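# Observations on the model geometry
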Amino acid sequence: MDAAVKKKVHRNFTFIDAVTKDTVTVRIPEVVDPSYGMYVWPAAPVLAQYIWYHRDQIQGKRILELGAGTSLPGIVAAKIPNRNNRVILSDAAHLTDCLNNCLQSCKANALEDKIKVIGLTWGQFDPEIVKLESIDLVLGSDCFYDPKDFEDILVTVAYLLERNPRCEFWTTYQDRSSDRTLEHLLTKWNLLCRRIPLWTFEADKDNIADSTLPGSHDIEMLVIERK
Ligand SMILES: C[S@@+](CC[C@H](N)C(=O)[O-])C[C@H]1O[C@@H](n2cnc3c(N)ncnc32)[C@H](O)[C@@H]1O
């Protein structure tokens, strides 16, 4: 069935600064469908909350989201008031429904003229990635869900960080099995990884941004950079 005729629901996420009471609300359309890039995954509000809590670090930045799907983190980065971040959303070049979902999320937040959506398949060096301008920050929520893709994701990240030496990769993933590890691949691709405790940005809760989505899932927040 075409994504255009699938049932859609909209979910609102409101991020609040407990001290300043600043808020940002993001509206995300989801397709009620089992396909994985069509709804918000539990790791996404956690990454979006990290972005919101570290918004002072991302002013006027060029930000690329990988495997964006419904694009909550990228949309939050674009919507932070007075930050003028330039966001590019990406998903696999052949997954047109997922790329369409990125566009729908832009539209739901009146950002379709400000955000670019591109097809970018992990581990592939198509013209879209080769001709990218400089990037300050790469985002990725729940990209590490299928171990067969882990190296392709890190190859793409290593390439982007090599081209943009001060760039970092901020990523969340859902720990689905203790025997999955990134350590050997990080070493192979000359990358360093910092694990960020969730409590440091108040993401150790069942409810984030008015959403119970993270629930009891075991979510990790990582900052990956070049060695
Ligand atoms: C588990 S979903 C996470 C979606 C979204 N980031 C979130 O957290 O809600 C994984 C995403 O990766 C995308 N994806 C899968 N394989 C890919 C590939 N080879 N290259 C780029 N993106 C891919 C999917 O289309 C989907 O949007």
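This section reports on the structure supplied with the text.

### What to know about unusual backbone geometry
Backbone geometry places Ser 71, a non-glycine residue, at a positive phi of 70 degrees. Considering the arrangement of structural elements, one finds Ser 71 in the loop between β3 (62-66) and α2 (72-79). Accessibility expressed as a C-beta count within 10 Å gives 36 for Ser 71, which makes it buried.

### Observations concerning helix α1 (residues 43-53)
Of all 11 residues in α1, 10 are buried; the element is thus mostly enclosed. Those residues of α1 lying buried are Ala 43, Ala 44, Pro 45, Val 46, Leu 47, Ala 48, Gln 49, Tyr 50, Ile 51 and Trp 52.

### Brief notes about the sheet that holds strand β5 (residues 116-119)
If you walk across this open sheet you meet the seven strands as β5-β4-β3-β6-β7-β9-β8, and the pairing is mixed. The open sheet has two edge strands with one neighbour each: β5 and β8 (191-196). The mean inter-strand angle of the sheet, taken between neighbouring strand axes irrespective of direction, is 20 degrees. Pairing between strand β4 (residues 86-91) and β5: four bridges, direction parallel.

### Digging into the environment of Asp 91
Among the secondary structure elements, Asp 91 is positioned in strand β4. A sequence separation of 72 residues divides Asp 91 from Val 19, and the C-alpha atoms of the two residues are 35 Å apart.

### A closer look at helix α3 (residues 96-108)
With 13 residues, α3 should reach 18 Å at 1.5 Å per residue; the first-to-last C-alpha distance of 18 Å fits that figure. Of the positions making up α3, those classed as buried are Cys 98, Leu 99, Asn 101, Cys 102, Gln 104, Ser 105, Cys 106 and Ala 108. On the buried face of α3, the contacting elements are β1 (8-16), β2 (23-31), α2, β4 and β5. Looking one or two residues beyond α3, the residue adopting positive phi is Ala 110, at roughly 55 degrees.

### Some words on the nonpolar core
Among the nonpolar cores identified, the biggest contains 64 residues, and Val 46, Leu 47, Ala 48, Leu 72, Val 76, Val 138 and Val 157 are the most heavily contacted of them. With eight residues, the top contributor of residues to this core is α1. Excluding residues that lie within four positions of it along the chain, Val 157 makes contacts with Val 138, Phe 169 and Ile 224.

### Description of the pairing of β2
The pairing of β1 with β2 spans nine bridges and is antiparallel. Looking at β2, one finds that Phe 13 is bridged to Val 26. Between the end of β1 and the start of β2, which pair antiparallel, lie six residues, with Lys 21 showing a positive phi angle near 70 degrees.

### Things to note about the packing of α1 against α2
How two helices pack is summed up by the angle between their axes together with the distance between the axes. As a packed pair, α1 and α2 sit with axes 8 Å apart at the nearest point and diverge in direction by 20 degrees. As far as their axial angle goes, α2 and α1 are roughly parallel. Of the two elements, α1 crosses α2, and the hand of that crossing is right-handed. Packed against α1, whose contacting residues are Ala 44, Pro 45, Leu 47, Ala 48, Ile 51 and Trp 52, the element α2 presents Leu 72, Pro 73, Val 76 and Ala 77 at the interface. For the contact of α1 with α2, the class distribution of residues is 10 nonpolar, no polar and no charged.

### So, the environment of Pro 197
With respect to the secondary-structure elements, Pro 197 resides in the loop between β8 and β9 (219-226). Here Pro 197 falls in the exposed class, since 10 other C-beta atoms lie within 10 Å of it. With 24 residues separating them in the primary sequence, Pro 197 and Met 221 have C-alpha atoms 7.1 Å apart.

Rules of the game
Residues numbered from 1 in each chain as written. Predicted model: local features only at pLDDT ≥ 70, side-chain atom pairs only at ≥ 80, totals over all residues. Helix = DSSP H or I, 4+ residues; strand = E, 2+ residues; numbered from the N terminus. Buried ≥ 20, exposed ≤ 12 C-beta atoms within 10 Å, placed from the backbone. Pairing = 2+ DSSP bridges. Axes fitted to C-alpha atoms, helices over the stretch in contact; angles between N-to-C directions. Expected span 1.5 Å × (residues − 1). Contact = placed C-beta atoms within 7 Å. Core = buried A, V, L, I, M, F, W, Y, C linked by C-beta atoms within 7 Å. Parallel < 35°, antiparallel > 145°, perpendicular 65-115°, else oblique. Left-handed = near helix turned anticlockwise from the far one by under 90°. Nonpolar A, V, L, I, M, F, W, Y, C, P; charged D, E, K, R; others polar.

Spatial relationships are all this shows, so hold off on functional conclusions.
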